[in-house]
Amino acid sequence: MRFLTRGGRSPKPRASLRRHRAARPLLLGLSLLFVGTLYAALTPAAPSSAEGATDQQLVAQGKNLFAVNCASCHGLNAEGLAQQGAPSLTNVGAAAVDFQVRTGRMPMANPLAQAPRKENVFTDDEIAALAAYVASLGDGPGIPTEDQYNPAGLSPEDVARGGELFRTNCSACHNFKGAGGALPNGLVAPSLQESTPKEVYEALRTGPGQMPVFAAGAVPDDDVKSIIGYLEQVNATPSAGLTLGGLGPVSEGFWAWVVGIGGLVLFAVWIASRGARA
Amino acid sequence: MAKPAELNPDSPALEVRTPPKDAGPGKLAGPATWVDDRIGLAKLAGNIRKVFPDHWSFLLGEIALYSFVILLLTGVFLTIWFKPSMAEVEYAGTYELMHGIPMSEAFASTLSISFDIRGGLLVRQIHHWAAMLFVAAMTAHMLRVFFTGAFRKPRELNWIIGIGLFSMGLVEGFAGYSLPDDLLSGTGLRFVDGLVRSIPLIGTWAEFFIFGGEFPGELVIPRLYMVHILLIPGLLLGLISAHMALLVYHKHTHWPGPGRTNRNIQGYPFFPIYVAKAGGFFFIVFGVTILMGALMQINPVWLYGPYNPSQVTAGSQPDWYMGFVEGAIRIIPNWEWHILGTTWSWNIFLPGVGLMGLLFTGLALYPFIEAWITGDTSEHHLLDRPRNAPVRTAIGVAGMTAYAMFWLSGGNDIIATQFHVSLNAVTYFMRVAVFVAPVIAFIVTKRICISLQRQDAERVLHGSESGVIVRSPDGGFSEAHVPITPGEAYSLTRHPQPKALVPNGKKVGRLRRRLSAWYADGQLPKPTAAEIAGAAHHGAIEADHGTPAVDAGHDAPALEGSDAGDAR
């Protein structure tokens, strides 16, 4: 640390010129401050640069996750592989990724006709990274915020109207209370009774599988909230006895024969087996 | 002035007669005598000791009767609050999830019965379960009558009345199912609207006649209400009365057995035994129906919502008894003609109207067809065991199988989702199964019947298995057989066996001859008296050799080729 001295052996300086012992650290500190200030003044807009760095990290992380978990079917650049039956993901948006991965539908375990709901093995951060990567490829709906789908605070009339909207738009496939139903060629409209409000919202906006997209122009956020509110409340309503599978007249007829006729025949056998006793 | 006539002191007219004091049947019988003097109760009371035989399967019809009584009672309760009107109202009742939804008054009053009337939901559910049981019990009763041959002469007319009751029951159930005007029943009504419109030439006209214009209109619920609470219950009551009057007139059939003939009836008298048994069974049926209504949810219309023609929910099915029509329509290929701007919807007409017509016509005609095939003109008061009429039993099971295939097709979407199979696969399978499965069922059932006949012959000739294993001196093992009682042997051998018609003198057509040969074919001739005597002798010889009353071997004379008529 001799950079402030001249030569190897300096002559003995005069006392007035002799530097104080603290001068060197002070000078070092000042110069660092100067350079730092200069850097801060000359580099471009600080906030965007800082967030851009993390976003790019997220996208990069997502790209890596995508390459490991998704690319075998959807292609390395999410362009889709026709021979795998996997669609291009360039314009599906973050909401689609959030829905498909969070409900465990993607990645698929088997190449079935339809991706079934299963346990999700990704963390929230990983899903966010994947969503960020796919969102970076093109347009598409983003992940909704809670004020878009949370049905809290709806009036009874709003919820009842949600029921009417549900019966009109959704019940043809998902059944009158969202228990699900059959579609052609081995496909099904899944039960909505496990779905969270966020998932229902995302499904409406992204149209997973056979489901059509219900865009905000057709079903505004308020109506989606009503539908979600109705679904939650109708499934929380107590039933009038055992629901017998809740499948409508088919299961009712089955139990009428088993419990009704079956039980009464047992009684009939018992009655006929008793003779007349005086 | 005329002179008074001479009085004859011996004339009985002059006797002072007072009613004998001790002739009356006592103080308590006063009201009975009073009634008897006016409506002839004593004559009716002759029937009070009417004898009925005891068997569980004879109680199936009673379940139907008692369900009908329950339906009348609960139905009266429901009519007090139900409003059969299609006028539109905005719901403002207790059920929050329907607040402000426009609906018909019929649906609103159904919601009000369910949520606002004390016990209303329970009674609604009892009524609906009783309706399901009513039709189911009629079906079960009809199958019992079919498989035991109880429809034969002289009961053909009562069978036809029964078919009338069965078909009326379907219409009654469907009308009642439609009344709440909920989404599911409205969809069912739309389905029937389609059936009506598919009738060639008159379809559209008939639709306008029924609905008073285009579907759904504003008339159909009030009209169905009239049908449901007045027209069909009246017809049902009349037919039930006729059905039971004929039952009393013909007397009940009974199972063959010792002392039971075509001319007598063994069992217990109506009073007091069957009053207790049948009365008790009524309360059991009522109790089971109430329990079902209390514990098992049925037709939750508040979940379905009001009917709206723009909505159809997944899993739309009718109640079980209309399921076979639904199924037939679900699986039929899309056959339609388009001729000169007109549409001929065979895809709806054949499975809908055609299949129902086929079922009821076939059922109604069956007694006459069978009598024609067998040439049997005698009266039958003894029942057939199903195994002893193998072809009839096989026809019945084949019919049930065909019905079941159509029935399952009606729930093809439920099958697809519950068992994780493709809806298309279920549909294609059913298209084949409705034709193939009945044939398989026919063959299998006939084989089983003949095997059971073989088992009967085995019991008659060799006795029943004793469970005792005997070791012979030379080391062989065999099971000792115990002879069956003469009573059982009689029961097992008394039945007449169908025989192929042979043209002796009378001309028998080719088709009829073939059918009767087919009807009689394959059955095991029952053991003849000679064979039974021979087998008994065989057993007796063995008894002399130290194995008492036992037929250890299976070396009895062959059953084939013996004459069926001897043991009668």
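All residue numbers refer to position in the chain's written sequence, counted from 1. Chain A is the first chain written and ligand 1 is the first ligand written, with later ones labelled in order. At least 70 in pLDDT is required for a residue's local features to be given in this predicted model, at least 80 for side-chain atom pairs to be given and counted, and no such filter applies to totals for whole chains, interfaces and linings, which use all residues. The basis for every side-chain value is the complete set of non-hydrogen atoms in the structure, without hydrogens or water.

(A) Here's a closer look at the interface of chain B and chain A. Between chain B and chain A, the residue contacts involve 64 residues of the former and 55 residues of the latter. The term buried area refers to how much accessible surface (probe radius 1.4 Å) is lost by two components on association, counted for both of them together. Between chain B and chain A lies a buried interface of about 4,800 Å² when both sides are counted; carbon and sulfur atoms form 71% of it. The largest share of the area that chain B buries against chain A comes from B:L97, B:Q297 and B:L303, three residues that together contribute 14% of it. The salt bridge criterion pairs a side-chain nitrogen of Lys or Arg with a carboxyl oxygen of Asp or Glu, the two atoms within 4 Å. The interface formed by chain B and chain A includes zero salt bridges. Class assignment for the residues of the side of chain B that touches chain A results in 42 nonpolar, 17 polar and five charged. Only heavy atoms enter the contact rule, under which two residues are in contact if any of them lie within 4.5 Å. In the scheme used here, Gly and all other residues not listed as nonpolar or charged are polar, with Ala, Val, Leu, Ile, Met, Phe, Trp, Tyr, Cys and Pro taken as nonpolar and Asp, Glu, Lys and Arg as charged.

(B) Representation of the pairing of strand β7 (residues 464–471) of chain B within the structure. Residues and elements named next belong to chain B. Pairing geometry for β7 and strand β8 (residues 477–482), over five bridges, is antiparallel. Pairing of E465 across the sheet is with H481, part of β8. Counting the residues in the hairpin turn of β7 and β8 gives five residues, including G475, whose phi is positive at 100 degrees. Strands were regarded as paired on the criterion that DSSP finds at least two bridges between them. Only DSSP runs of H or I with at least four residues qualify as helices, and only runs of E with at least two residues qualify as strands; both kinds are numbered from the N terminus onward.

(C) Summary view of a nonpolar patch on the surface. On the surface, B:V432, B:F435, B:V436, B:I440, B:V444 and B:I448 cluster together into a nonpolar patch covering about 570 Å² of accessible area. Looking at the secondary structure, you find B:I440 in helix α16 (residues 423–462). A patch is a set of surface residues, each over 30% in relative accessible area and not in a salt bridge, joined within 9 Å for like charges and within 5 Å for the nonpolar side chains Val, Leu, Ile, Met, Phe, Trp and Tyr. Reported accessibility uses the Shrake-Rupley method at a 1.4 Å probe radius. Residues are deemed covered only where the shown protein chains occlude them.

(D) Representation of the packing of aromatic side chains in the model. All names here are of chain B. Working definition: a ring pair exists when centres of Phe, Tyr or Trp rings (six-membered ring for Trp) sit within 6.5 Å. Plane angles under 30 degrees give stacked, over 60 give edge-to-face, the rest tilted. Considering all chains together, one arrives at 36 aromatic pairs over all chains under this definition. Geometrically, the ring pair formed by F58 and W255 is stacked, given 6.5 Å between the ring centres and 15 degrees between the ring planes. You can see F58 sitting in the loop between β1 (51–52) and α3 (60–81) and its partner W255 sitting in the loop between α9 (220–250) and β4 (268–269), a full 197 residues away along the chain. The residues F58 and W255 share a single accessibility class, namely buried. Pairing F115 with W302 gives two aromatic rings, centres 5.3 Å apart and planes at 75 degrees, and the pair type is edge-to-face. Here the residue F115 occupies a position in helix α4 (residues 105–115), and W302 occupies one in helix α11 (residues 301–304), the gap between them amounting to 187 residues. When accessible area is computed with a 1.4 Å probe and restricted to protein chains, residues below 20% of their type maximum are described as buried, those above 50% as exposed, and intermediate ones as partly exposed.

(E) How the structure looks around a negative patch on the surface. The charge count includes Lys and Arg as positive and Asp and Glu as negative, but it does not include His or the ends of the chains. Charge placement uses NZ in Lys and CZ in Arg. For Asp and Glu, CG and CD serve respectively. Where like charges cluster on the molecular surface, the negative patch consists of A:E157, A:D158, A:D222, B:E88, B:E90 and B:E96. Every element with two or more residues in the negative patch is listed here: α7 (156–169) of chain A together with β2 (88–90) of chain B. You can see A:E157 is positioned in helix α7.

(F) Structural detail: the packing of α3(B) against helix α5 (residues 120–147) of chain B. Residue and element names in this part refer to chain B. Convention adopted: a line fitted to C-alpha atoms gives each axis, helices being fitted over their contacting stretch, and angles between N-to-C directions are expressed from 0 to 180 degrees. Between α3 and α5, the shortest axis-to-axis distance is 8 Å and the interhelical angle comes to 155 degrees. By the criterion of interaxial angle, the relationship of α3 to α5 is roughly antiparallel. As for how α3 packs across α5, the hand of that crossing is left-handed. Considered class by class, the residues forming the contact of α3 with α5 number 17 nonpolar, seven polar and two charged. Working rule for angles: under 35 degrees goes down as roughly parallel, over 145 as roughly antiparallel, 65 to 115 as roughly perpendicular, anything else as oblique. In a left-handed crossing the near helix is turned counterclockwise from the far helix by less than a right angle, and in a right-handed crossing that turn is clockwise.

(G) Focus on the domain arrangement of chain A. Residue and element names in this part refer to chain A. Residue ranges assigned to each domain were obtained from an automatic or database domain assignment. Assigned domains within chain A: domain 1 (53–135) and domain 2 (146–237). Relative to domain 2, the C-alpha centre of domain 1 lies at a distance of 24 Å. Taken together, the contact pairs 11 residues of domain 1 with 13 residues of domain 2. At the boundary of domain 1 with domain 2, total buried surface from both sides reaches about 990 Å², with 52% on carbon and sulfur atoms. For domain 1, the biggest contributors to the area lost against domain 2 are F99, Q114 and R117; these three give 51% of the whole. Across the salt bridge formed by R117 and E199, the nearest N and O atoms sit 3.0 Å from each other. Residue composition of the side of domain 1 that touches domain 2, grouped by class: four nonpolar, three polar and four charged.

(H) Seen up close, the confidence of the model for chain B. Residues and elements named next belong to chain B. Chain-level statistics for chain B give a pLDDT mean of 88 and a share of 90% at 70 or above. A residue's pLDDT is the predictor's confidence in that residue, given on a scale from 0 to 100. Across residues 546–568, where pLDDT falls below 50, the model places 51 contacts with residues more than four positions away in sequence or in other chains. Both scores are given for the predicted complex: the pTM is 0.85, the ipTM 0.86.

(I) Region of the structure containing the confidence of the model for chain A. Residues and elements named next belong to chain A. In this model, chain A carries a mean pLDDT of 86, and residues with pLDDT of at least 70 account for 89%. Per-element confidence in chain A is highest for α7, whose mean pLDDT is 95, and lowest for helix α2 (residues 46–69), whose mean pLDDT is 75. For the stretch residues 46–51, pLDDT sits under 50, and the model shows zero contacts to residues farther than four places along the chain or on other chains.

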